[in-house]
Amino acid sequence: MTTLAPGQPAAPDLPETSPQPERPHRATRLQRWRASWRVALRMARRDVRRHRGRSILVLVMVSLPVALLVAAACWADTGTLSGADRIPLMMGSGQALVQSPQEQRIAQFPEPDSYSSDGTPAKAVPGFVAGADNTAAMERLLGGELVPVTETDARFLSGDRRIRIHGLVVDGRRDIGPKAELTSGRWPTDNTEVVVTPAGVDKGLPTSGPARFSVAGEPRDVEVVGTATALSAWGGQPDFVVPTVFDIADMYGATWILQRERRVPWSEVRSLNEYGIVVTSAAALENPPADHELDPSIRGQAGYEADRAATTALVGGVMLFIVTTLLVGPAFAVSAARQRRTLAIAASNGAETRQLRRSVLAQALVLGAAAAVGGAFVGALGLRAAVAVWRATHPGTLIGSFSLPWVALAIIVPCAVVSAVTAALIPSLRLGRLDIVGVMRGQSVSPPANRVLPVVGALMVVGGGLFLVASVKNGAREVAMAGGAVVLVLGALLTVPALLVVAGALASRLPVAPRMATRDAARHRTRSTPTVAAILAGVAALTAFSIGVASDTEQRQREYRPQAAMGQGFVQVGEPDARISVTQALRSDAPEVVATPYALVSVPETTPASTHLSLVAVVPPGCTPKQALGVGVQDDPGSTVVQRCMKVGTLAYNQGQVMVLPASELGARLGLTPDQQQMMAEGGLAAAHPGLARNGAAEVVFGAAGIDQQTGGLTDLSGLQTRRMPVVELPQEAIADGRLGFGTGAAVTTETAERLGWPTTQQGWLLRDPEGAISAETQKRLDESIADEGWLYVERGFQRDDIAVLRVMFGLAAALLLAVTLISTALSLAEQQADMGTFAAVGATRRTRRALAGSQAMVVGLIGAVLGVVVGLFPGVAITHPLTATSWDDVTGQEVQADPTLVIPWLPLLLVVVGVPLLAGLLSAAAIRAAPAVARRAE
């Protein structure tokens, strides 16, 4: 009841209502949220400036992987020639590169590295005459000017040296842009003048004045009238530029650069394919046609390449985010741990949990953005400098102009910022359980470990790993592969805290320093787990990559077939007139090398009017002479008849040729016993194919067979005869080790081939040094002295090309892991200054404190590296399926599916697993100062 004052009017009766709280407007909430984040970011920037040392370490840890990733992306974009990058190489400033018409209609891609034909006859180009100059006819069809362009080979004669050089044949006076640009002097007017490039100067060519070349074995004097930069069609620099070929027989093929105002659209390319013309269009390279615009016969191949690119991008992006997040995790975990006291004071003064989290995340955002941008700048700038140095020191090789892959940068930089915030999100979530009293008293022990999560993590590791391997093996979609990788890594992370606890429990038998370090890592799991996870991610990625590279190399080594015995070689000569000069070179420049002429039993060259062929074939037991000769099955190399019957002979496929050598050289080359040499001299056949002989002899069919002029098939076999020949059975290793030569599976003596009238073709000379392997000096001397048509080869065995790649990757990974371990250890030791002071106060020597610091770095590094190898085995095994599950059959020449090759480079991985933690421990120990600050500990 309300009491009224005298004279006050009575208030009107109002309904009684309960007071309603006033709801803030949505815009007001958004404004408050923005204001709170502005304050948090401002405080974060101030905190970063105040704690410069800690901020620099965090910046380094975040920017280092970003710099490496940006450098790798820039190299992939710079070093890989895309379709647009190949425009100046192939056609300069022209609109297209046009090849001479073929007899059949073709179907091509925008980049015609390969093309197909269905056998349909091509349309006739009006006015085109085979064997004549058809430039005018092609210009009328294409509606523009054509600049002939091709490439040629020669030798530069410098004293006694004959240096192989490669030339671009094009008239530089026709403006073709970057294809050939003059830098000094003038363009040549005919083929008696040339201009040289930096690559040619690097080989010794003069920049002006006379020079002597050798073309097709004939010396030719030319005048160097200038220097130029030029581009070969498939990359690299030619050594010189000449307007016309020296010899029409030395021209690689008729091609023209099309110059006109109009571009060449894809529709015009398709119409020119009807004439059998292969066209490389600048417009099509810049804007490739859609899949439905391609010829129906090749559409599926383009889809496969697109799917593979999508798979690589998605899986690579997922792994990039995971690895980057784990690598930067230790920085923010330790940084948040160091701020516990500051955050506890703020919480004791009324700060809410969300304000504390916002403070931690704001620092991560500021540092992550600065580190991502700075790392991207350093990575791109470093690679640009490296490319400039490489191009200056290697003028004969081509690297595309430096370019920034903006799409990759738009993924990497934001991904790094998100990774930094994600890495800081985990420690920020723990602020809801912040023990203010414990932190103020200096207690920072982690809560008891969860017993369920490690079991779930172990199941995720096994399940995710097996699912990943099965997905890759069965060709599943890229989303499934990425999902398996994520489950695998997350499962491994869930097991890390429990493994640290187990390691601490098992450390009782270790010496004092590693025992205390292991138990400290187990007690402070919130600080140790991110470091172990970062090392785990790096080692897992390195393990998967190294397994893939090593397995692929092992498969290529197994499939490698030497062309001669180790340390031996041969010289092949195409022109008979060049054999005299090669013989003279062998005698004068390599008298210590034994050179033996060798031939192959082969089908002789025939004239169009020829109706018979001279053939030879070994008839295996259970086969007929027709089957051994391949009558009716030559076009089906995968058939069982071909595999079983066409093993050795003039028409046989891989490793089926017959070598012809003198008896003495044959015995020395094949390591025959005296009895076997006698058998060969009496007309025997040495063969490495099993199943050819029965009772020590094989049936051989040879003679003249009729040939159908229309189909090319064998018809009249009445001129063939058979003979049983004694067989010297050679081990199959005679093919694998090159004793029989590349493509050869049997051998007879020269006398036997002549007596039986077998058709033979001299290939060249077999070379061997009785004292051992032919030296590299002898090889170089011979290569510079033999005729231009000669080709010298010395067998050095399988040459690995992955050593440099593996060394670079292991070096970068080791450096990155070392930096992560050292920075994390440095931040942890900075947090443990009070503990170090306590150790010093109770009598711990500098040596003891160094042992503690070194052991701490080694323990977390070793645990993370071992787990990384275990986790990396799953994607490493998975990647071997697409890399090595496809093989090549030497006998049938067909692609076959085989069990994948698996090679694990244990020694390099062991060096990383043991070496990096050991080195990190030594460096951490060396960083301990003599007299730590001793402060009174809080009670």
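Residues numbered from 1 in each chain as written. Predicted model: local features only at pLDDT ≥ 70, side-chain atom pairs only at ≥ 80, totals over all residues. Heavy atoms only, no water.

> Got a minute to help me understand the state of the cysteines in this structure?
Two cysteines whose sulfur atoms are joined by a covalent bond form what is called a disulfide. Tallied over the entire structure, the rule returns one disulfide. Between the sulfur of Cys623 and that of Cys645 lies a disulfide, 2.1 Å long from S to S. A torsion of -80° about the S-S bond marks the disulfide between Cys623 and Cys645 as left-handed. Here Cys623 is found in the loop between strand S15 (612-619) and helix H18 (625-629), whereas its partner Cys645 is found in helix H19 (residues 640-645), with 22 residues between them in sequence. Note on accessibility: Cys623 and Cys645 belong to one class, buried. (Disulfide = S-S within 2.5 Å. Helix = DSSP H or I, 4+ residues; strand = E, 2+ residues; numbered from the N terminus. Buried < 20%, exposed > 50% of the residue type's maximum accessible area, 1.4 Å probe, protein only.)

> Honestly, the nonpolar core in this entry has me stumped. Any pointers?
Buried together is how nonpolar side chains tend to be arranged in soluble globular proteins. The biggest cluster of nonpolar side chains holds 21 residues, and the ones touching the most others in it are Met91, Val170, Val241 and Ile257. Setting aside residues up to four positions removed in sequence, Met91 forms contacts with Ala96, Leu97, Ile176, Ile257, Thr280, Ser281, Ala282 and Leu285. (Core = buried A, V, L, I, M, F, W, Y, C linked by side-chain atoms within 4.5 Å. Contact = heavy atoms within 4.5 Å.)

> Mind showing me how you'd approach a positive patch on the surface here?
On the surface, Arg34, Arg38, Arg42, Arg45, Arg46, Arg49, Arg50 and Arg52 cluster together into a patch of positive charge. The leading source of residues in the positive patch is helix H1 (residues 26-50), at seven residues. In this fold, Arg38 is placed in helix H1. (Patch = residues over 30% accessible without salt bridge, like charges linked within 9 Å, V, L, I, M, F, W, Y side chains within 5 Å. Areas by Shrake-Rupley, 256 points an atom, 1.4 Å probe, with all protein chains shown as cover. Salt bridge = Lys/Arg side-chain N within 4 Å of Asp/Glu carboxyl O. Lys, Arg positive; Asp, Glu negative; His and termini not counted. Charge placed at Lys NZ, Arg CZ, Asp CG, Glu CD.)

> Explain the pairing of strand S22 (residues 790-794) here, please?
Both faces of the sheet carry side chains from a regular strand, because those side chains alternate between them. Here S22 lies mainly inside the structure; four of its five residues are buried. Both strand S13 (residues 569-573) and S22 contribute to a ladder of five bridges, which runs antiparallel. Directly across from Val573, in S22, lies its bridge partner Gly790. (Pairing = 2+ DSSP bridges.)

> Can you help me understand the confidence of the model for the protein chain in this one?
Note that predicted coordinates carrying low pLDDT should not be read in detail. With 78% of its residues at a pLDDT of 70 or more, the protein chain shows a mean pLDDT of 78. Taken as a whole, residues 1-5 scores under 50 in pLDDT and shows two contacts with residues more than four places along the chain or in a different chain. Every residue in residues 8-18 scores below 50 in pLDDT, and together they form two contacts with partners more than four places removed in sequence or on other chains. (pLDDT = per-residue confidence, 0-100.)

> What should I look at first to understand the packing of helix H15 (residues 512-523) against helix H27 (residues 846-884) in this one?
Packing of H15 against H27 leaves a shortest axis separation of 8 Å and a crossing angle of 55°. With respect to each other, H15 and H27 are oriented oblique. Where H15 crosses over H27, the handedness of that crossing is right-handed. Between H15 and H27, the residues in contact are Ala513, Pro514, Met516, Ala517, Thr518, Asp520 and Ala521 and Ala851, Leu852, Ser855, Gln856, Val859 and Val860, respectively. (Axes fitted to C-alpha atoms, helices over the stretch in contact; angles between N-to-C directions. Parallel < 35°, antiparallel > 145°, perpendicular 65-115°, else oblique. Left-handed = near helix turned anticlockwise from the far one by under 90°.)

> It is not clear to me how the packing of aromatic side chains should be interpreted in this structure. Could you clarify?
Here a ring pair, both rings aromatic, is described through the centre-centre distance and the interplanar angle of the planes. Applying the stated criterion to the full structure yields nine aromatic pairs. Centre to centre, the rings of Phe156 and Phe213 are 6.4 Å apart; their planes meet at 85°, and the pair counts as edge-to-face. Placement of the pair is Phe156 in strand S4 (residues 145-158) and Phe213 in strand S8 (residues 209-215), with a sequence separation of 57 residues. Here Phe156 and Phe213 have matching classes, each one buried. (Phe/Tyr/Trp six-rings, centres within 6.5 Å; stacked < 30°, edge-to-face > 60°.)

> Sorry, what's going on with the environment of Gly684 here?
Among the secondary structure elements, Gly684 is positioned in the loop between helix H21 (674-681) and strand S17 (685-687). In sequence terms Gly684 and Val728 are 44 residues apart; their C-alpha atoms lie 7.0 Å from each other. Those residues in contact with Gly684 that sit more than four places away from it in its chain are Met679, Met725, Pro726, Ala747 and Val748.

> Looking at this structure, I do not really get the pattern of salt bridges. What am I missing?
Side-chain pairs of opposite charge can arise where the charged atoms are in close proximity. Under the counting rule described, the total for this entry stands at 13 salt bridges. Note that Lys203 and Asp239 form a salt bridge whose closest N and O atoms lie 3.1 Å from each other. Here Asp239 lies in the loop between strand S9 (218-230) and strand S10 (240-242) and Lys203 lies in the loop between helix H5 (198-202) and S8, a separation of 36 residues in the sequence. Look at Lys203 and you get partly exposed, because its relative accessible area is 37%. Assessed through its relative accessible area of 3%, Asp239 is described here as buried. Here Arg212 makes a salt bridge to Asp221, at a shortest N to O gap of 2.8 Å. Classification of Arg212 by relative accessible area gives partly exposed; the value is 39%.

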